[in-house]
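# Survey of secondary and tertiary structure
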Amino acid sequence: MMIDFTESFALDYAGARTKFRATAAELGGALSEYRHPTLRTPDGQDLVVDVVRLGDAAAPSQLIVISGTHGLEGLSGSAAQVAWMKSAPARALPPHLSVLLVHAINPYGFAWGTRTTENNVDLNRNFVDHEAPHPANPGYATLYPDLVPDDWTPAALQAYTGALDRFRAAHGDDALFNVLASGQYDFPNGNNFGGVAREWSNVTLEKIVADHLGQAERVGFIDWHTGIGGWAEAFFLCFNDENGPLHAEAVRWWGKERLIGQRPHNMARPNYQGLVFHGLTKFLGRRPMVGAVVEFGTRGVHVRRALQLDLWLKFKAERDSERVQLLRADLHDCFVPVSANWREQTTEQAISITQQAIDGLATWSLAAAA
Ligand SMILES: [Zn+2]
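Residues numbered from 1 in each chain as written. Predicted model: local features only at pLDDT ≥ 70, side-chain atom pairs only at ≥ 80, totals over all residues. Heavy atoms only, no water.

## Comments concerning the environment of Trp 253
The cut-off we apply is this: Helix and strand assignments follow DSSP, with helices taken as H or I runs no shorter than four residues and strands as E runs no shorter than two, numbered in order from the N terminus. By definition, residues are in contact when any of their heavy atoms lie within 4.5 Å.
Mapped onto the secondary structure, Trp 253 falls in helix 8 (residues 245–254). Leaving out residues up to four positions away in the same chain, Trp 253 has contacts with Gly 220, Val 290, Gln 356, Ala 357, Gly 360, Leu 361 and Trp 364.

Structure (structure tokens):
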């Protein structure tokens, strides 16, 4: 496959919106907009989740593909959506199947260049029951005090490295990863903070499901991310029950080598809380959903430093110095590498992974839901 990454990637949120909407229009897609009621982009434009329907809204089989759950990763997910729309199979959907593309479900994070929502909430930890006690993550309290230094210098960063080393020595790599990544609900200025209430993007996703997936009888789901896996390689995190028929269906679509026994950064998978996957499952009620978070790898475990940098830029950085711009460019490159090599490889895989989901959904092998 010949890939020209400049056709699918954009430089920023506004450019990504333009490419997404123009490509969808060429395909005759039906566009809907979900506008943030109060917030704007850094240059004063509206923050919008763009949603495109390709095919029949009444189709019994529907694929939903989301980009920008983590705003910083949005340029990759947006490119994945655009590149698939530009591919030949997008012009020939199977019968009784339609595709819903949700662009920038976290538009604030996309436009402002942070992983989180406007409230420093990790949207992919926000889909818990906020009326119930939040999931506990006691280990996080031991790491938090050293997380964000006042200044971003190699010397100041030693404190956090030391805290991680001490935790790892006491509890092991797997436990450390679980504490850092599973989600925490106690430190609003920390990372992987799941929030205290449903974020605007969370409520908006429920509205999108109600508006567009009401007639679906079965749903396929891809949530595009970056940061886990080998350089430019797809890494799947499927949250269907590993012993159940829906997971077996995911294996049929994407292959067992991608779905079974996955070890992110070669560690045990964290006990992730409050994922978009969990939210969608709830919004769909009794209707079956097969799907995955699909990551494209960048810097392996070194992404950890970039998560720290995201917070430092948000809470501690001076305004717009050369140093801050250098650091910000590095942060973006960590999640969506500028490299043409990375962009070509991930684009090719994104097209094929999307198509595998469509082919799988079109040949759904499970009995009708009870
Ligand atoms: Zn992500």
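## Some words on the coordination of the zinc ion
Applicable threshold: Metal donors were taken as nitrogen, oxygen and sulfur atoms no farther than 2.8 Å from the ion, or 3.2 Å where the ion is Na, K or Ca. Water is excluded, so coordination may look unfinished. Using a 1.4 Å probe on the protein chains alone, a residue whose accessible area is under 20% of its type maximum counts as buried, one over 50% counts as exposed, and one in between counts as partly exposed.
Protein-derived ligands of the zinc ion are His 70 (ND1), Glu 73 (OE), Glu 73 (OE) and His 225 (ND1), with the metal-ligand distances lying across 2.0 to 2.6 Å. Taken in sequence order, the residues that donate to the zinc ion follow the motif H-x2-E-x151-H. Taken together, the residues His 70 in the loop between strand 3 (61–66) and helix 2 (74–86) and His 225 in strand 5 (residues 218–231) connect sequence positions 155 residues apart. Residue His 70 is classed as buried on the basis of its relative accessible area of 4%.

## A word on the packing of aromatic side chains
Note the following rule: Two aromatic rings from Phe, Tyr or Trp, using only the six-membered ring of Trp, form a pair when their centres are within 6.5 Å; if the ring planes differ by under 30 degrees the pair is stacked, by over 60 it is edge-to-face, and anything between is tilted.
Applying the stated criterion across every chain yields a total of 16 aromatic pairs. Their ring planes at 75° and their centres at 6.2 Å tell us that Phe 5 and Phe 9 sit as a pair that is edge-to-face. Residue class for Phe 9 comes out buried when judged on its relative accessible area of 5%. Ring centres of Phe 296 and Trp 342 lie 6.4 Å apart, and the angle between their planes is 85°; on these two criteria the pair is classed as edge-to-face.

## Quick look at the pairing of strand 7 (residues 289–297)
In plain terms, the rule: Only strands joined by at least two bridges in the DSSP assignment are considered to pair.
The buried count for strand 7 comes to 9 of 9 residues, which makes it a mostly enclosed element. Across the two faces of strand 7 the burial is the same, with Met 289, Gly 291, Val 293, Glu 295 and Gly 297 and Val 290, Ala 292, Val 294 and Phe 296 all buried. Pairing geometry for strand 6 (residues 234–238) and strand 7, over 5 bridges, is antiparallel. Within strand 7, the residue paired with Phe 236 across the bridge is Val 294.

What is shown is where atoms sit, not what they do.
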